[in-house]
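Spelled out, the chains give:
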Amino acid sequence: MSLPAHADNWRGWNVHPQGYPNSVALDSFVKEVTEKTDGRINAKVFHNGVLGDQPDAIEQTRSGALNFANFNMGPMGPIVPETDVLSLPFLFKDIDAMHKVMDGEIGQRFADALEKKNLVALSWFDSGARSVYNTKRPINEPEDMQGLKVRVMNNDLYVEMIDALGGNATPMAYGEVYQSLKTGVLDGAENNFPSYESSGHDEIAKYYSETEHLILPECLCIAKRSWEKLSDQDQDIVRQAALDAATLQRQLWAEGSKKSREEVIAAGAKINEVDKPAFQAKMEPIYAAFVKEHPDLEPLLNDIRNAQ
């Protein structure tokens, strides 16, 4: 396509490598935007975090130095406090419930909160359900977590969750987990099936227990500065392309997750369901402490629970 002389060159950020569901969806997004605006927007996405890590990319998108990005909501809390609610364990019953909530009025509330910080959230991506896996035994009841050293992401809520279950939470860089499982520094970790499989953690930590304790949405966000420059027609095009990208990403994620699950079982992993209500009951003190610290977020929390 020959671009018009006044083409607006958009740069996008993505932490994932090419071929990952998010990356494929973002490539589809930029193709649709560029084609349907007849090149008025010439969009390009930079994969694999080459433009910096997520905190850097959030600030660059807020300032308009980047035009768009795919962000996980986990690290968004320092900028948009409302998104901390999404990191509460067992908030969503399942992935379908998360989609239903985020695609509706409550998702729009998160979008409104993001917009106040100069990020326009146009659609919500999937990042699967995180579950606990370990080298020792199946986890069926919370009591089975007793004494296990479990790696978590660096977030106080995740530390409190493992501690409330009787485990020993160990925040650690993701790249160190494989060796730590191998040497016994860690007994386990928690993640989704694609990460469990692609990292090789399934080779060592054979017991994968489907706690599904964390189901975090991700956003396809546009810099507010870039968004406000668009005509109504081009805003409609960009919004629809973002929704189409989310549909594709969710489909690819579901397919990839199913494939990874089958592959780890074939390789010898032992998968089991858990007594989820028993785990959820152990989270009540965490919720109580969260509400005490953030009383303004209690209505939002209750609405998410009631919407399911």
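This text gives an overview of the structure that appears in the document. Sequence order sets the numbering: in each chain, residues are counted from 1 along the sequence as written. Residues qualify for local features only when their pLDDT is at least 70, as the model is predicted, and side-chain atom pairs are given and counted only at 80 or more; totals for whole chains, interfaces and linings, by contrast, use all residues. With hydrogens and water stripped out, all remaining heavy atoms of the structure feed into the side-chain values.

## With respect to the packing of helix α4 (residues 105-115) against helix α12 (residues 298-307)
- One way to put it is that α4 packs onto α12 with a least axis distance of 10 Å and a crossing angle of 150°. In terms of their interaxial angle, α4 and α12 are classed as roughly antiparallel. Here α4 and α12 pass one another in a crossing that is left-handed. Contact residues: Ile106, Arg109 and Phe110 in α4; Leu300, Asp303, Ile304 and Ala307 in α12.
- Gly is placed with the polar residues, together with every amino acid not listed as nonpolar (Ala, Val, Leu, Ile, Met, Phe, Trp, Tyr, Cys and Pro) or charged (Asp, Glu, Lys and Arg). Here the residues of the contact of α4 with α12 sort into five nonpolar, no polar and two charged. To get an axis, a line is fitted to the C-alpha atoms, and for a helix only the part in contact is used. The angle between two axes follows their N-to-C directions and goes from 0 to 180 degrees. Only DSSP runs of H or I covering at least 4 residues are called helices, and only runs of E covering at least 2 are called strands; the numbering of each starts at the N terminus. Roughly parallel refers to an angle under 35 degrees, roughly antiparallel to one over 145, roughly perpendicular to one between 65 and 115, and oblique to any angle outside these ranges. Left-handed is the label given to a crossing in which the near helix is rotated counterclockwise from the far helix by less than a right angle, and right-handed is the label when the rotation is clockwise. When checking whether two residues touch, look at their non-hydrogen atoms; a contact exists if any pair is within 4.5 Å.

## Observations regarding the environment of Tyr158
- Positionally, Tyr158 belongs in helix α5 (residues 156-164).
- With 71 residues separating them in the primary sequence, Tyr158 and Ser87 have C-alpha atoms 8.0 Å apart.
- Leaving out residues up to four positions away in the same chain, Tyr158 has contacts with Gly74, Ser87, Val152, Met153, Leu214 and Leu216.

## Considering the side chain of Asn72
- Take Asn72: it is sitting in strand β3 (residues 68-72).
- For Asn72, a relative accessible area of 18% translates into the label buried.
- A polar contact is formed between the side chain of Asn72 and the backbone nitrogen of Gly74, at a distance of 2.6 Å.
- At a separation of 3.1 Å, a polar atom in the side chain of Asn72 contacts the side chain of Glu218. We call a residue buried when its accessible area falls under 20% of the maximum for its residue type, exposed when it is over 50%, and partly exposed in between, using a 1.4 Å probe and counting protein chains only. Polar contacts here mean pairs of N or O atoms no more than 3.5 Å apart (in protein, one a potential hydrogen donor and the other a potential acceptor; neighbouring residues in sequence count only if both atoms are side-chain atoms).

## Here we look at a negative patch on the surface
- A grouping of Asp156, Glu160, Asp163 and Glu293 is seen on the molecular surface, where their side chains present a negatively charged patch.
- For the negative patch, the element with the most residues is α5, which contributes three residues.
- Within the element layout of this structure, Asp156 appears in helix α5.
- With a relative accessible area of 60%, Asp156 lands in the exposed category. Like charges are joined within 9 Å and nonpolar side chains (Val, Leu, Ile, Met, Phe, Trp, Tyr) within 5 Å, but only among residues with over 30% relative accessible area and no salt bridge; these make up the patches. Accessible surface is estimated by sampling points in the Shrake-Rupley manner with a 1.4 Å probe; for residues, cover comes only from the protein chains shown. For this document, the term salt bridge refers to a Lys or Arg side-chain nitrogen within 4 Å of an Asp or Glu carboxyl oxygen. Neither His nor the chain ends contribute to the count of charged residues, in which Lys and Arg are positive and Asp and Glu negative. Lysine's charge is taken at NZ, arginine's at CZ, aspartate's at CG and glutamate's at CD.

## Remarks on the pattern of salt bridges
- A complete count under the given rule lists 15 salt bridges for this structure.
- In this structure, Glu190 and Arg130 form a salt bridge, with 3.0 Å as the shortest nitrogen-oxygen distance. With Glu190 in strand β8 (residues 188-191) and Arg130 in strand β5 (residues 130-134), this residue pair connects regions lying 60 residues apart in the sequence. Just as Glu190 is buried, Arg130 falls in that class too.
- Close ionic contact of Glu284 with Arg305 constitutes a salt bridge, the shortest N to O distance being 3.7 Å.

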